[in-house]
Amino acid sequence: MEKIPDQLTWALPEKPIFSIDTTNACNLFCKCCSRGQRYEKNTKDVMSYKLFTSIIEKIADIGASALNLFVFTEPFLQQNLLKFASYAKSKSIADINLSSNLSFPEPKDFIKTLGYIDKLIVSVSGFSQKNLFYKPLWWKNRFC
Ligand code: SF4
């Protein structure tokens, strides 16, 4: 593989950043997103704790500058998110990050989970029904 020129490497982290989706669903329909437009279908599949811990072991061995617990999903639809985040933190991964739309009444273990999170990104796509960029689908009907 060709070496990246030194002038381009100043902004790169020394260690890799990993991103993991532990569910494959989102409760919104953002127009800009393949999940939101359901090109990637929501299902009830979630990552098992056993698989998650085995991945985290490998990431901890390699060393990571950050772990994002999201890609194209809503992470709080993973009902074991607290357990997952606390395990990742126990492996001394520096930055554990979440991105959530927070568009549901009461995320499970929300405050406790934040205790293991270094950065929370809140994704906002509109402030009124008129300019809303998505159509919310509430918690009860989250798998569509
Ligand atoms: S909230 Fe995020 S994952 Fe969900 S549809 Fe919108 S952009 Fe996609």
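Residues numbered from 1 in each chain as written. Predicted model: local features only at pLDDT ≥ 70, side-chain atom pairs only at ≥ 80, totals over all residues.

Counting its secondary structure elements, the protein contains three helices and four strands. Beginning at the N terminus, the succession of helices and strands in the protein can be written as β-α-β-α-β-α-β. The 144 residues of the protein split such that 22% are buried. The contacts in the protein between residues at least 6 apart in sequence include a share of 71% that link residues at least 24 apart. (Helix = DSSP H or I, 4+ residues; strand = E, 2+ residues; numbered from the N terminus. Buried ≥ 20, exposed ≤ 12 C-beta atoms within 10 Å, placed from the backbone. Contact = placed C-beta atoms within 7 Å.)

Strand order in the open sheet formed by four strands is β1-β2-β3-β4, with parallel pairing between adjacent strands. Edge positions in the sheet fall to β1 (17–19) and β4 (119–122), since each of these pairs with one other strand and no more. The mean inter-strand angle of the sheet, taken between neighbouring strand axes irrespective of direction, is 20°. Looking at chain direction, strand β3 (residues 96–100) and β4 are connected through four bridges and run parallel. Counterpart to S100 in the pairing with β4 is V122. (Pairing = 2+ DSSP bridges. Axes fitted to C-alpha atoms, helices over the stretch in contact; angles between N-to-C directions.)

This next bit is on the confidence of the model for the protein. Taken residue by residue, the protein gives an average pLDDT of 85. The fraction at 70 or more is 81%. The model gives residues 138–144 a pLDDT under 50, and that stretch makes 13 contacts with residues more than four places away or in other chains. (pLDDT = per-residue confidence, 0-100.)

On to the environment of P16, then. Here P16 lies in the segment before β1. On a C-alpha basis, the gap between P16 and I62 in space is 8.5 Å, while along the polypeptide they are 46 residues apart.

Turning our attention to the environment of I55. In this structure, I55 sits in helix α1 (residues 49–62). Here I55 falls in the partly exposed class, since 16 other C-beta atoms lie within 10 Å of it. Considering only alpha carbons, one finds I55 and A88, 33 residues apart in sequence, at a separation of 9.8 Å.

Once that is clear, we can look at the packing of α1 against helix α2 (residues 81–90). At a minimum axis separation of 10 Å, α1 and α2 run at an interaxial angle of 20°. In terms of orientation, α1 lies roughly parallel with respect to α2. Remark: the crossing between α1 and α2 carries right-handed chirality. Across from Y49, F52, T53 and I56 in α1, the residues of α2 making contact are K83, F84, Y87 and A88. Of the residues contributing to the contact of α1 with α2, the split by class is six nonpolar, one polar and one charged. (Parallel < 35°, antiparallel > 145°, perpendicular 65-115°, else oblique. Left-handed = near helix turned anticlockwise from the far one by under 90°. Nonpolar A, V, L, I, M, F, W, Y, C, P; charged D, E, K, R; others polar.)

Given a rise of 1.5 Å per residue, 14 residues ought to cover 20 Å, and the 20 Å separating the end C-alpha atoms of α1 matches this to within 8%. Following α1 by one or two positions, G63 has its phi on the positive side, about 95°. (Expected span 1.5 Å × (residues − 1).)

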